[in-house]
Amino acid sequence: MTLPQNSAPPDPDCLFCKIAAGDIDATIVHEAETTVAFRDLNPQAPTHVLVIPRSHYPNAAALAEADPATAAHLFDAAREIAAAEGLDGADGGYRMVLNTGPAAHQTVFHAHLHVLGGRQMTWPPG
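As the structure is a prediction and not an experimental result, all values here were calculated from the model.

Participant: What is the right way to read the overall build of the protein chain from this model?
Facilitator: For the protein chain, the count of helices and strands is 3 helices and 5 strands. Ordered by position in the sequence, the α and β elements of the protein chain form the string α-β-β-β-α-α-β-β. Relative to a compact globule of 126 residues, whose C-alpha radius of gyration would be 14 Å, the protein chain shows 14 Å and is just as compact. Counting only C-alpha atoms, the protein chain reaches 40 × 30 × 25 Å along its principal axes.

Written out as structure tokens, the structure reads:
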């Protein structure tokens, strides 16, 4: 799949870029021109899916500044995934999380959105 014009090139050392390219196996649940979504290897809820841009940006803030359309695509994909996973019903719900920076517990420095659901979420998130 080719990246949209003006998108950031993949980082050859980035785990998520390698997943987006198909070089590393992952349980893919959604694919689109600008995004890929896959199940988290260390799930924090019964449903825990990561939605990433195919292009490489180190965090959500950098993505939003450089490519706001693709940032919006992350949310579109999250909505579609939540519906496919049955999280969007009247008694359901889901959480979308974007961690930006080490203090926010971002551990892979490629922008990504967590879709969490399938259990009661607590507040504050911690």
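Participant: It is not clear to me how helix 3 (residues 68–84) should be interpreted in this structure. Could you clarify?
Facilitator: Since there are 3.6 residues in each turn of an α-helix, residues three or four apart along the chain are aligned in direction. Along its 17 residues, helix 3 runs 25 Å from first to last C-alpha, staying within 8% of the 24 Å computed at 1.5 Å per residue. Looking only at helix 3, the buried set comprises Thr70, Ala71, Leu74, Ala77, Ala78, Ile81 and Ala82. Axial view of helix 3: buried residues confined to an arc of 135°, hence all on one face. Against the buried residues of helix 3 lie strand 1 (28–31), strand 2 (35–39), strand 3 (47–53), helix 2 (60–66), strand 4 (94–97) and strand 5 (113–117). Phi turns positive, to about 75°, at Gly86, one or two residues after helix 3.

Participant: I'm lost on the pairing of strand 3 in this one. Help?
Facilitator: Moving residue by residue along a regular strand, the side chains alternate between the two faces of the sheet. With 7 of its 7 residues buried, strand 3 lies for the most part within the structure. Of the two faces of strand 3, both are covered, the one formed by Thr47, Val49, Val51 and Pro53 as well as the one formed by His48, Leu50 and Ile52. Where strand 2 and strand 3 come together, 5 bridges link them in antiparallel fashion. Directly across from Arg39, in strand 3, lies its bridge partner Val49. In the sheet, strand 3 pairs with strand 5 via 5 bridges, with the strands oriented antiparallel. Each residue of the ladder has a partner; that of Leu50, found in strand 5, is His114.

Participant: I would appreciate a short explanation of unusual backbone geometry in the present structure.
Facilitator: Trans peptide bonds make up the majority, and among non-glycine residues the majority have a negative phi. Note that the residue after Trp123, namely Pro124, is joined by a cis bond; omega there is 0°. Despite not being glycine, His105 shows a phi value in the positive range, around 75°. Within the secondary structure layout, His105 lies in the loop between strand 4 and strand 5. His105 gets classed as exposed once you look at its relative accessible area, which sits at 60%.

Participant: Can you walk me through the pattern of salt bridges in this structure?
Facilitator: Opposite charge on two side chains permits pairing when their charged atoms draw close. Going through the model one piece at a time under the given rule, you end up with 3 salt bridges. Of the charged contacts in the structure, one is a salt bridge between Arg79 and Glu80, with a shortest N-O distance of 3.9 Å.

Here is what the cut-offs are and how they apply
Residues numbered from 1 in each chain as written. Predicted model: local features only at pLDDT ≥ 70, side-chain atom pairs only at ≥ 80, totals over all residues. Heavy atoms only, no water. Helix = DSSP H or I, 4+ residues; strand = E, 2+ residues; numbered from the N terminus. Rg over C-alpha atoms; globule rule 2.2 N^0.38 Å. Expected span 1.5 Å × (residues − 1). Buried < 20%, exposed > 50% of the residue type's maximum accessible area, 1.4 Å probe, protein only. Arc of directions from axis to C-beta. Contact = heavy atoms within 4.5 Å. Pairing = 2+ DSSP bridges. Salt bridge = Lys/Arg side-chain N within 4 Å of Asp/Glu carboxyl O.

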